[in-house]
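Okay, here's what each chain looks like letter by letter:
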Amino acid sequence: MALLGKLGHVVLSLFNMLFDLFGLLTKSLIMSVSLFSKNKFTIFWNLFIRQLYNTGLKATYINTIIAILIGVLMMSLTYSILGENTRFIDYYAKLFVLVIIREIGPLISGIILIARSANAVTAEMGYLKQHNQLEVLNAIKISPVFLLLLPVFYAFPLSLLLMFFYFDLVCIFSSWVIMYLLQTDTVSLNYFLLTILEQISFNEVIISASKALIAGLFIGLTCIYYGASVKPKFASISRSISTSTTSQLIILFTVNILLSVVAYR
Amino acid sequence: MSHLLKLNNINIQFAENHVFKNLNLALDYNEILVIKTGVLDGGSSLLKLCNHTLIANSGTVLYEGISSENLNNSTFFQTVGMQFESEGLLSMYTVKENCKLPLTFHTQFKDSTIENKILSVAKEFNLHYLLDKYPYQLNDVQLRLANLLRLLSSNPKIILLDEIQSGMSDKLRSGVLMKLVRYIKNNNLSLIMTITAGDVDDFSDRRLEIKNLNLVSY
C-alpha cells in the first residue's frame, strides 16, 4: 500500500511538473510580445547574446573533444569490421548518418548542454531566489519571466541546434583523419564529406532540428522551473540541480527516442 | 482632492501572526512621513504593501484615488518605488546597470538620456564611485545608497525608504538626509521612511510609530 502511495505521489509530481512547464511555455510566448518594444528588446538581446555565448560558444571546447573521440571510435570500429572494403566509404556514410547524425550527436550535445549550462542556469536561478532578487524584480515591476526566462527560452534551443551541427562536423573531420591514417588509398576530405551529405535527407534535417528545438526548449524551461523552486534552506540549490538534471535527462532521451521512433520507423 | 496614497482598513497576517489590523494611512502630496519601527514589527511589510509587492489579506490601497488593482506595472513604476533595507540589487548587473534596467524597461527614453539621469542623481548625492561596482563589492550602507540611487533615478512620485540611515556615520547621515530632503522638495515628491532607534527624524512633516498592530503618532 505504501509503495502504491509513493508511486502515485511520483506520478502526480510528474504531471504537476509537466503542467507547470507548459504554463511557463505559455507565459514565455505571451511575454515574447513585449519584445516588439525597442527598449525591452535591447535588454532581452544583451541577455540572450550572453546566454548564447555561455551555452553555445563556450561549449565548443568540450564539444570538440567529445566529437573527436566519437569520430575516432566510430571510424576505428567500422574499419575493424569492414577493413579495406571497396565500398567502405558508402557503408561508413550510411552508418555515420544512422548512428551519429540521427542519434548520438543529438544525445551527446544535449548531455553537454545539461551538464555545462542547464545546471549553471539552475544554480544561478536558485541563487537569485535565495537572495530575494525575484522580489527585487517584483518591486521594480519587471516580470522574472521576461528577464530570466526569455533569454534561456530562446538561447537554449538555438545553442543545441548549433551544437548538433558543430558536433557532426567535427565528428566527420576526425573520422576522415583516422581513415586517412588507416587506409592505403587516400580519400579527399571533400569527397568524404559529400558522400556523407548525400546520405542526409531533408527529413533527417527536419527531425534533427526538431530534436534540438524541442529538447533545448524544455531543458531551458526545466532549469528555470527548478531554479525558481529553491527554498531558503541549506542544500536546497544542490537538491534542485539534482532533480532538474534528472528531469532534463529524461526529457532529452524521451524527445530524441520518440522523434526517432516516429520519424524513422 | 484625493491623497497621493491611501491605505484603508488593511489587515496583514502571516500564518497565525498578525502584523497589522485595520490599518489606515494617508500620504499627501509633497509630504515627508517617518515611521519608527522596532524589530520584526512590520516596517518593511508596510513599505512593501505601499509598493504593491505585498498584498494585504484585506483592505484597499489607493494611489491618487485609483485602486492598486486597476494600475498596470508601468503606472506603478511612475507612481511608487522602494529602497530595500538589505540587498535589493540584481547581482548580475553593476550598480549603473541596475539603475538603467527599470528605466529602460518602463520608458521609451534613449540610452543616453537614461544614463544622464543616473549620472545627474549620482553627482548630486556623490555616489558616482558606486556606479561601476557589482553588488557583491558593496557593504550594507553602500547597497542601501545604490538602492536609493536607482530609486531616485526612476523618479516616482512616492519614495519608500526602508531604514536607510542604518549603519551610517553621523556625517554621512546628515549629508545624505540634507541632499535627500532638498531633492524631494525640488522634485515635488513624497517620502515614507522607516527609521529605527538612534535615527534622525527632525526633517519630517509627520512622525508615526508602529504600536499594537497599527500606526500612532509620537
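Residues numbered from 1 in each chain as written. Chains lettered and ligands numbered in written order. Predicted model: local features only at pLDDT ≥ 70, side-chain atom pairs only at ≥ 80, totals over all residues. Heavy atoms only, no water.

S.K.: Explanation requested: the overall build of chain A in the structure shown.
M.R.: For chain A, the count of helices and strands is nine helices and zero strands. Along the chain direction, N to C, the helices and strands of chain A fall in the order α-α-α-α-α-α-α-α-α. Across its three principal directions, the C-alpha atoms of chain A cover 70 × 60 × 35 Å. Considering only contacts in chain A between residues 6 or more positions apart, those separated by 24 or more positions represent 85%. Charged side chains in chain A number 17 positive and 10 negative. The centres of these two groups are separated by 18 Å. (Helix = DSSP H or I, 4+ residues; strand = E, 2+ residues; numbered from the N terminus. Contact = heavy atoms within 4.5 Å. Lys, Arg positive; Asp, Glu negative; His and termini not counted. Charge placed at Lys NZ, Arg CZ, Asp CG, Glu CD.)

S.K.: What should I look at first to understand a nonpolar patch on the surface in this one?
M.R.: All names here are of chain A. On the surface, a nonpolar cluster with roughly 1,000 Å² of combined accessible area is contributed by M1, L4, L7, V11, L14, F15, L18, F19 and F22. With respect to the helices and strands, the residue L14 is situated in helix α1 (residues 2–31). For L14, a relative accessible area of 45% gives the class partly exposed. (Patch = residues over 30% accessible without salt bridge, like charges linked within 9 Å, V, L, I, M, F, W, Y side chains within 5 Å. Areas by Shrake-Rupley, 256 points an atom, 1.4 Å probe, with all protein chains shown as cover. Salt bridge = Lys/Arg side-chain N within 4 Å of Asp/Glu carboxyl O. Buried < 20%, exposed > 50% of the residue type's maximum accessible area, 1.4 Å probe, protein only.)

S.K.: For this particular structure, what's the right way to read the pattern of salt bridges?
M.R.: Pairs may arise between side chains of opposite charge once their charged atoms sit close together. All names here are of chain B. Using the criterion set out here, one finds 14 salt bridges over all chains in the structure. E209 is paired through a salt bridge with K211; the nearest N and O atoms lie 3.8 Å apart. With a relative accessible area of 43%, K211 lands in the partly exposed category.

S.K.: What's the story with the confidence of the model for chain B in this structure? I'm lost.
M.R.: Close reading of the predicted structure is inappropriate where its pLDDT is low. With 100% of its residues at a pLDDT of 70 or more, chain B has an overall mean of 92. Across the interface, the model reports ipTM at 0.89; the global pTM reads 0.88. (pLDDT = per-residue confidence, 0-100.)

S.K.: How should I be thinking about the packing of helix α4 (residues 111–124) of chain B against helix α5 (residues 140–154) of chain B in this particular structure?
M.R.: For any two helices packed against each other, the geometry is given by the interaxial angle and the distance between the axes. Residue and element names in this part refer to chain B. The interhelical angle for the contact between α4 and α5, taken along N-to-C directions, is 125 degrees, at an axis separation of 9 Å. One way to sum up the angle between α4 and α5 is to call them oblique. Crossing hand, α4 versus α5: right-handed. Contacts between α4 and α5 involve K117, I118, V121 and A122 on the former and, on the latter, L149, L152 and S153. Among the residues making up the contact of α4 with α5, the classes are represented as five nonpolar, one polar and one charged. (Axes fitted to C-alpha atoms, helices over the stretch in contact; angles between N-to-C directions. Parallel < 35°, antiparallel > 145°, perpendicular 65-115°, else oblique. Left-handed = near helix turned anticlockwise from the far one by under 90°. Nonpolar A, V, L, I, M, F, W, Y, C, P; charged D, E, K, R; others polar.)

S.K.: It is not clear to me how the packing of aromatic side chains should be interpreted in this structure. Could you clarify?
M.R.: Ring pairs (aromatic) are described by centroid distance and by the angle formed between their planes. Applying the stated criterion to the full structure yields 18 aromatic pairs over all chains. Look at F44 of chain A and F48 of chain A: their rings are 5.5 Å apart centre to centre, the planes differ by 20 degrees, and that puts the pair in the stacked class. Taken as a pair, F44 of chain A and F48 of chain A lie in helix α2 (residues 38–57) at a separation of four residues, close to a single helical turn. Owing to a relative accessible area of 8%, F48 of chain A belongs among the buried residues under this scheme. A network of ring pairs unites the aromatic residues F41, F44, W45, F48, F153 and Y154 of chain A as a single cluster. Over the aromatic face of F105 of chain B sits the side chain of K40 of chain A, whose NZ or CZ is 4.7 Å from the ring centroid. The ring of F76 of chain B carries the charged tip of K141 of chain A above its face, separated from the ring centre by 4.9 Å. (Phe/Tyr/Trp six-rings, centres within 6.5 Å; stacked < 30°, edge-to-face > 60°. Lys NZ or Arg CZ within 6 Å of the ring centre and 35° of its normal.)

S.K.: Just checking my understanding: could you explain the sheet that holds strand β1 (residues 5–14) of chain B for this structure?
M.R.: In any sheet, the strands associate via hydrogen bonds between backbone groups, in a parallel or an antiparallel arrangement. Residue and element names in this part refer to chain B. Strand order across the open sheet formed by four strands is β2-β1-β4-β5, with antiparallel pairing between neighbours. Since the sheet does not close on itself, it has two edges, and those belong to β2 (17–27) and β5 (66–67), each with one partner. Relative to β2, β1 is paired through seven bridges, and the arrangement is antiparallel. Directly across from F14, in β2, lies its bridge partner N17. (Pairing = 2+ DSSP bridges.)

S.K.: I'm lost on helix α1 (residues 43–50) of chain B in this one. Help?
M.R.: Residue pairs three or four apart in sequence face the same way in an α-helix, which turns once every 3.6 residues. Residues and elements named next belong to chain B. The buried fraction of α1 is high, at six of eight residues. Listed as buried for α1 are G43, S45, L46, L47, L49 and C50. Downstream of α1 by a residue or two, H52 has a phi angle that is positive, lying close to 65 degrees.

S.K.: I keep staring at the environment of F153 of chain A and nothing clicks. Help me out?
M.R.: Residues and elements named next belong to chain A. Within the fold, F153 resides in helix α6 (residues 144–182). F153 sits in the buried class, given a relative accessible area of 5%. Along the backbone, F153 and G216 are 63 residues apart, and their C-alpha atoms lie at a distance of 8.2 Å.

S.K.: Where do I start with the interface of chain B and chain A in this structure?
M.R.: In this complex, chain B contributes 24 residues to the contact, which on the side of chain A involves 21 residues. When the two sides are added together, the surface that chain B and chain A hide from each other amounts to roughly 2,100 Å², 62% of it contributed by carbon and sulfur. For the chain B face of the interface with chain A, the top three residues by lost area are L90, M92 and F105 of chain B, together amounting to 29%. At the boundary of chain B and chain A, one finds one salt bridge. (Buried area = accessible area lost by both parts, 1.4 Å probe.)

S.K.: I keep staring at the sheet that holds strand β10 (residues 214–217) of chain B and nothing clicks. Help me out?
M.R.: Residues and elements named next belong to chain B. Reading across the sheet, the six strands line up as β6-β7-β8-β3-β9-β10 and stay open at both edges, with mixed pairing between neighbours. A single partner strand is all that each edge strand has here, and the edge strands are β6 (80–83) and β10. The sheet shows a mean angle of 25 degrees between the axes of neighbouring strands, taken without regard to direction. Across four bridges, β6 lies against strand β7 (residues 158–162) in parallel orientation. Residue pairing for β7: M82 is matched across the bridge by L160. Along the sheet, helix α6 (residues 170–186) contacts β3 (32–36), β7 and β8 (190–195); its crossing angle with β8, the most-contacted strand, is approximately 155 degrees.

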